[in-house]
Amino acid sequence: MKRLILFLLIIPVFFFACNNHTKTPVKEEIPILSWYSIPAEDATLERYQELKDAGFTINFSHIYNIEDAKKSLDFAQQVGIKVMFMCNELRTNTDSVVNLVKNHPALAGYFLCDEPVCSGFPDLREWADKIKAADSTHLLYLNLLPVEVPEEALGDTYQGYVKRFIEEVKLPLVSFDCYPVVGDELKPLWYKNLEIVSEESRKANLPFWAFALATAHSSYPIPTMAELKLQMYSNLAYGAQVLQYFTYWNPDTLTWNFHQAPITINKKRGPVYDRVKELNKEIQNRAFVFANSKVISVNHTGDSIPEGTKKLENLPSFVNSFNTNGDDAIFSIIEKNGKTYLAVVNCSFKKDIIMNVTFNGKVDRIMKDGSIEDVSNYEPYYRIDAGDIEIFTPSQENQL
């Protein structure tokens, strides 16, 4: 009798699964960091909840004394996010500070400095080793300079600079900042920067972290949704495992004319807050593709591919034909838990492109909400919005 009841219970579940073409994968998460976040003087539980509501999982506030830094950890714990920790005492009294905070549930890791050059690596290694000796569990974090910095300032070629950082400082990650949209143009060397950092990180078996610019300043414009998507989806297509925004809170300085951050100079939510919130949600909907994945290859297609990148010449077995009519797009092959994914990013933040792709066998399309649909329901032509992404994967039986 028990077996009969169990069988009758299973039938409707099986029937529903077989007849529902949209499948929802297991929930995963891409860590998203807010660079220059809530200042100590504005720290409240409501502000930390506001940060979490925008889709951030790691808070990185520029906090300079230990008591304010501890409060940041406490607020973060209450809303369910982590903190990248910094304070002046971390440098001057390393052992005591690390021992004070290393068991805090909200601690993500320790910030060392921003944008070092090669001559600073020995000192950073010494400091990093001191922190590791007191806490071998949490991350150590800093950002490298972008590719356009002259070699004489870096102390090496850019590739040598990244390689030396990995070998000499020995942190568990590689993070770099490069903000590609200037005026209404894309920096020509941005993709070369992604190529070098992703290549050196992959050789060292380390994750890399990358940025999008969320705050206008100098010649950098107020970011549109297309500009934000182009940066974040390009980062993911190259294999970034943590995404970062510079900045979350509007810096109160006239030096760079910072304006229209997600939280503006008036400490109110601006239009960019809503754009970042929407994009973060979309990214997390499809995090199961990118989190802890492995990039197999990244190529570009179009009439004029960016400097330092590789032109698409060979297609994976499940793709029969691919064409973007001369428009530049990233063609990234990603592997995750035995599954293969194709991610195609429109490299323009100004215009949509038309992609013509046909497949061999049954292939699924990963939708913006994270659901999965059979591509046989669609024509072979796909309009990819400016800066946006399309993701495909052979269905399970096609991967066997």
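Details of the structure are given in the entry above.
Caption draft 1: View of the environment of Leu189. Its location among the elements puts Leu189 in the loop between strand E8 (185-186) and helix H9 (190-203). Spatially, the C-alpha atoms of Leu189 and Val147 are 7.1 Å apart, while their sequence positions differ by 42 residues. Discounting residues that sit within four places of it in the chain, Leu189 has contacts with Val147 and Glu307.

Caption draft 2: Molecular detail of the packing of aromatic side chains. A full pass over the atoms with the stated rule returns 25 aromatic pairs. Summarising the aromatic geometry, the rings of Phe56 and Tyr248 are spaced 5.3 Å apart at their centres and angled 70° between planes, so their arrangement reads as edge-to-face. Taken together, the residues span a long stretch of sequence, with Phe56 in the loop between helix H2 (45-53) and strand E2 (58-60) and Tyr248 in the loop between strand E10 (242-246) and helix H11 (271-285) at a distance of 192 residues. On the accessibility criterion, Phe56 (2% relative accessible area) is buried. Each residue in the set Trp35, Phe60, Phe111, Tyr141, Tyr179, Trp209, Phe211, Tyr220, Phe246 and Phe258 is aromatic and connected to the rest through ring pairs, giving one cluster.

Caption draft 3: Structural context of the pairing of strand E15 (residues 353-359). With burial as the criterion, only one face of E15 is covered, namely that bearing Ile353, Met355, Val357 and Phe359; the residues Ile354, Asn356 and Thr358 on the opposite face remain uncovered. The pairing of strand E12 (residues 319-323) with E15 spans 4 bridges and is classified as antiparallel. Of the residues in E15, the one forming a bridge with Phe322 is Val357. Alignment of E15 against strand E18 (residues 381-384), held across 4 bridges, turns out to be antiparallel. Among the inter-strand pairings, Asn356 is bridged to a residue of E18, identified as Tyr381.

Caption draft 4: Region of the structure containing the nonpolar core. Ranked by internal contacts, the top residues of the largest apolar core, which has 99 residues, are Phe85 and Tyr245. Looking at this core, the element that brings in the most residues is helix H10 (residues 225-237), giving 8 residues. Dropping the residues within four chain positions of it, Phe85 is found in contact with Ile66, Ala69, Leu73, Leu90, Val97, Val101, Leu107, Gly109, Tyr110 and Phe111.

Caption draft 5: Examining unusual backbone geometry more closely. Between Phe246 and the following residue, Thr247, the backbone shows a cis peptide bond with an omega angle of -10°. In this fold, Thr247 is placed in the loop between E10 and H11. The phi angle at Tyr36 is positive, at roughly 55°, despite the residue not being glycine. The exposure class assigned to Tyr36 is partly exposed, which follows from its relative accessible area of 24%.

Caption draft 6: Molecular detail of the sheet that holds strand E3 (residues 82-85). In space, the 8 strands of this open sheet follow the order E5-E4-E3-E2-E1-E10-E9-E6, with parallel pairing throughout. Looking at which strands have only one partner, the edges of the open sheet turn out to be strand E5 (139-143) and strand E6 (174-175). With 3 bridges joining them, E3 and strand E4 (residues 107-114) adopt parallel strand pairing. Bridge pairing links Val83 to Leu107 in E4. Packed on one face of the sheet, H10 meets strand E9 (208-213) and E10 and runs near 170° to E9.

Caption draft 7: The arrangement of the sheet that holds strand E17 (residues 372-374) in detail. The sheet built from 6 strands is open, its strands ordered E11-E13-E14-E19-E16-E17 with antiparallel pairing. A single partner strand is all that each edge strand has here, and the edge strands are strand E11 (294-301) and E17. This sheet shows a mean twist of 25° between the axes of neighbouring strands, independent of strand direction. Two elements, strand E13 (residues 329-336) and strand E14 (residues 339-346), share 8 bridges in a ladder whose sense is antiparallel. Paired with Glu335 across the bridge in E14 is Thr340. Along the sheet, H10 contacts E11, E13, E14 and strand E19 (389-394); its crossing angle with E14, the most-contacted strand, is approximately 150°.

What counts as what
Residues numbered from 1 in each chain as written. Predicted model: local features only at pLDDT ≥ 70, side-chain atom pairs only at ≥ 80, totals over all residues. Heavy atoms only, no water. Helix = DSSP H or I, 4+ residues; strand = E, 2+ residues; numbered from the N terminus. Contact = heavy atoms within 4.5 Å. Phe/Tyr/Trp six-rings, centres within 6.5 Å; stacked < 30°, edge-to-face > 60°. Buried < 20%, exposed > 50% of the residue type's maximum accessible area, 1.4 Å probe, protein only. Pairing = 2+ DSSP bridges. Core = buried A, V, L, I, M, F, W, Y, C linked by side-chain atoms within 4.5 Å. Axes fitted to C-alpha atoms, helices over the stretch in contact; angles between N-to-C directions.

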